[in-house]
Amino acid sequence: MALNLEKLAEYKESFLRSFPNGETFESDDYKTGERNYKTELVEAFQSELAQYFPVLPRTDAELISLANGLLGLFFRPLAHAERKPQNLVGWRYASFARLLDDKGKIAFARAVGALLDESAPLGERVRDFQDELERLATGVGEKVGPAMKRSVASFFLFMFDPSLYVFVKTHEYKQSMNDLVGSHCQGEEDEYERVLAFTNN
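Rules of the game
- Going along each chain's sequence as written, the residues are numbered from 1 onward.
- It should be noted that, the model being predicted, local features are given only for residues of pLDDT at least 70 and side-chain atom pairs only at 80 or more, the latter also being counted only at that level, while totals for whole chains, interfaces and linings use all residues.
- Just so you know, side-chain values use all the structure's heavy atoms and leave hydrogens and water out.
- Going along the chain from the N terminus, every DSSP run of H or I of four or more residues is numbered as a helix, and every run of E of two or more is numbered as a strand.
- With C-alpha atoms as the basis for the radius of gyration, the globule rule is written as 2.2 Å multiplied by the number of residues raised to the power 0.38.
- Relative accessible area decides the class of each residue, using a 1.4 Å probe on protein chains only: under 20% of the type maximum gives buried, over 50% gives exposed, and in between gives partly exposed.
- Per-residue accessibility takes into account occlusion by the displayed protein chains alone, with areas from the Shrake-Rupley method and a 1.4 Å probe.
- We count Lys and Arg on the positive side and Asp and Glu on the negative side, and we leave His and both chain ends out.
- Lys charges are placed at NZ, Arg charges at CZ, Asp charges at CG and Glu charges at CD.
- Helices are assigned an expected span. That span is 1.5 Å times one less than the residue count.
- The arc in question is the one spanned by the directions pointing from the helix axis to the C-beta atoms.
- Any two residues whose heavy atoms approach within 4.5 Å are treated as being in contact.
- The pairing test for Phe, Tyr and Trp rings, Trp by its six-membered ring, is centres within 6.5 Å, and the orientation test on the planes gives stacked under 30 degrees, edge-to-face over 60, and tilted for anything in between.

A. Quick look at the overall build of the protein. The number of helices and strands found in the protein is nine helices and zero strands. When its helices and strands are written in sequence order, the protein yields α-α-α-α-α-α-α-α-α. Relative to the 2.2 N^0.38 estimate, which gives 17 Å for 201 residues, the radius of gyration of the protein is 18 Å and therefore close to what a compact globule would have. Looking at the 201 residues of the protein, the share that counts as buried comes to 39%. As displayed, the protein has an accessible area near 11,400 Å², and 49% of this comes from carbon and sulfur atoms. Considering the protein, the positive charge centre built from 24 side chains and the negative charge centre built from 32 side chains are found 4 Å apart.

In C-alpha cells:
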C-alpha cells in the first residue's frame, strides 16, 4: 500500500505540533483526554466479559446476562470521563441497545461471540455481525447505516484485543485513506482487513 509522502509529511507535522520531538503518548493531557477512559473500558471488558469468549454460556439466562454486560459498555459511567459514558460509539448508534428484548439480547450475545471467534476469517466475521446487527436494530425500529455497523463491530473487536484491532471512525479513516493512499475502502467486502493493513502500514 503505497503512501503519498507529501501528505504523510503534512500528517507528521500536525502530529509533532501536539507531540513535539516525537514524544510518546505519555503526556498527562493526552492520557486524561484520550487514553484513560478507553483503557478503563478495555479493562472492564477484559475483567468482566472476556472469559465468555470464544466459548459462550449455554443457557438463555446466562446469554441475556452477557448481553447486558456487552451493551452496558455503551452507557457505563467512566471514572476517567467524569462519570460520563464512552463516546466512541455515538448515542444514536447505541440506542438500539436499550430496546432489545430478551430474545434480541440472546441473539446479540451470540453475534458478538461469532465476531470474536478468531477461528473464522475476519472479514466473514465482521460481515456476519453487521448483518445480524442490522436485523436486530431495525427490528426495534432503529435506523442502521454503514457507519453505525462499522462503529459497533470495531468497538467490540477493539475491546477484545486493542493490540490487534482498531476502532473505526468513518469520517477520519475515509479522509486519511484518501489523503495517504488515494482511495478509501469503505463499502468493500474486505473493508476491515484493509483498514488494519492501512493502520499498520
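B. Here's a closer look at helix α6 (residues 122-139). Its 18 residues give α6 an end-to-end C-alpha distance of 26 Å, which sits within 8% of 26 Å, the value for a rise of 1.5 Å per residue. Within α6, the full set of buried residues consists of Leu-122, Gly-123, Arg-125, Val-126, Phe-129, Gln-130, Leu-133, Leu-136 and Ala-137. For α6, the arc enclosing every buried residue in end-on projection is 160°, short of the 170-degree limit, so these residues lie on one face. Close packing links the buried residues of α6 with α5 (102-115), α7 (146-160) and α9 (191-200). One or two residues past the end of α6 sits Gly-141, with phi positive at roughly 85°.

C. Representation of the packing of aromatic side chains. As enumerated under the stated definition, the model contains eleven aromatic pairs in all. Ring geometry for Phe-74 and Phe-75: centres 6.1 Å apart, planes at 80°, overall edge-to-face. Looking at Phe-74, the relative accessible area reads 2%, which means it is buried. On the basis of relative accessibility, which here comes to 24%, the residue Phe-75 falls in the partly exposed class. For the ring pair Phe-74 and Phe-156, a centre distance of 5.7 Å and an interplane angle of 65° mean the geometry is edge-to-face.

D. Just unusual backbone geometry, in detail. Cis geometry marks the peptide bond from Phe-53 to Pro-54, where omega comes out at 5°. Summarising the element assignment, Pro-54 is placed in the loop between α2 (28-48) and α3 (60-72). A positive phi angle, near 55°, is found at Glu-82, a position not held by glycine. Among the secondary structure elements, Glu-82 is positioned in the loop between α3 and α4 (91-94). The phi dihedral of Arg-83 falls on the positive side, at around 65°, and the residue is not glycine. As for its placement among the helices and strands, Arg-83 is situated in the loop between α3 and α4.

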